[in-house]
Amino acid sequence: MNVTTTTEELAWTAVAAERAGLADLLQELTAEQWNHPSLCEGWRVRDVVAHILLTSQAKLPWLLWQTALARGSIARMNFGTAVRYADRNSTEALLTELRAITTLRHQPIATNAVDRLMDLLVHGHDIATPLGIRREMPIDAARWSAARVWQMGWPFHARRTLAGYRLTATDTDWSVGSGTLVTAPIADLLLLVTGRKSVAGLRP
């Protein structure tokens, strides 16, 4: 997917809306909920928030240094930096920082506006779902994000993982792949291609 100037502008507008909405959600959480496990194994809610903050502002030298410290593992780097940042910042500080970057338009290397949007949609789900909170995804934002994930390969490798399936959204014009038909709302398909849902979980 090539992000056009128009789509990029719309994506950044959606990013700002998602950050603001996530901040409003987090504002209502108790201290216990901030420390509740997220859907990411081993990550607390506050760790996911820290990860969102760090990846929204990361500069190349910092990324290279932290990856080197993690012995080349991106996954280990993401987890370690998030946990350390979450542990040394209060809930209030994390929330204040999230509100402060609401309209920030920084693109870490090899990413674009839709990557930032996808990250917010998926991690918002990782935070809200285990807390029993329903968080809606805007249809256009979810469609752009699903298309980006399908095209990008690493880290989700959706085309390889879901080879043999035809994914078709029931609430917008989006369909990819070939094979056994899987139909669902685009938000669920985004969660499928990012590994948060399974094909079995979407079939009646």
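Only a predicted model underlies this, so the values are computations on that prediction, with no experimental measurement involved.

Participant: What am I meant to see in a nonpolar patch on the surface here?
Facilitator: A cluster of nonpolar side chains, L60, L64 and I109, forms an exposed patch at the surface whose accessible area comes to about 300 Å². Mapped onto the elements, L60 comes out in helix α4 (residues 60-69). In this structure L60 comes out as partly exposed when scored by relative accessible area, which is 38%.

Participant: Can you walk me through the sheet that holds strand β1 (residues 164-169) in this structure?
Facilitator: Strands pair in a sheet through their backbones, by hydrogen bonds, and they do so in one of two ways: parallel or antiparallel. What the three strands build is an open sheet, ordered β2-β1-β3; its pairing is mixed. Taken across any chain shown, the strands that pair with only one partner, and hence form the sheet edges, are β2 (175-177) and β3 (179-184). The sheet shows a mean angle of 15° between the axes of neighbouring strands, taken without regard to direction. Both β1 and β2 contribute to a ladder of three bridges, which runs antiparallel. Within the sheet, the bridge partner assigned to R166 lies in β2 and is G177. Helix-sheet contacts for helix α10 (residues 186-193) involve β1 and β3, and the interaxial angle to β1 is about 145°.

Participant: Before we go on, may I ask you to explain helix α5 (residues 74-88) in this structure?
Facilitator: An α-helical turn contains 3.6 residues, so any two residues separated by three or four positions project in the same direction. Counted at 1.5 Å a residue, the expected span for α5 with its 15 residues is 21 Å, and the 21 Å between its end C-alpha atoms agrees. Residues of α5 that are buried include every one of M77, G80, T81, A82, V83, Y85 and A86, and no others. Buried residues along α5 sit in contact with α3 (45-57), α4 and α6 (91-100).

Thresholds applied
Residues numbered from 1 in each chain as written. Predicted model: local features only at pLDDT ≥ 70, side-chain atom pairs only at ≥ 80, totals over all residues. Heavy atoms only, no water. Patch = residues over 30% accessible without salt bridge, like charges linked within 9 Å, V, L, I, M, F, W, Y side chains within 5 Å. Areas by Shrake-Rupley, 256 points an atom, 1.4 Å probe, with all protein chains shown as cover. Salt bridge = Lys/Arg side-chain N within 4 Å of Asp/Glu carboxyl O. Helix = DSSP H or I, 4+ residues; strand = E, 2+ residues; numbered from the N terminus. Buried < 20%, exposed > 50% of the residue type's maximum accessible area, 1.4 Å probe, protein only. Pairing = 2+ DSSP bridges. Axes fitted to C-alpha atoms, helices over the stretch in contact; angles between N-to-C directions. Contact = heavy atoms within 4.5 Å. Expected span 1.5 Å × (residues − 1).

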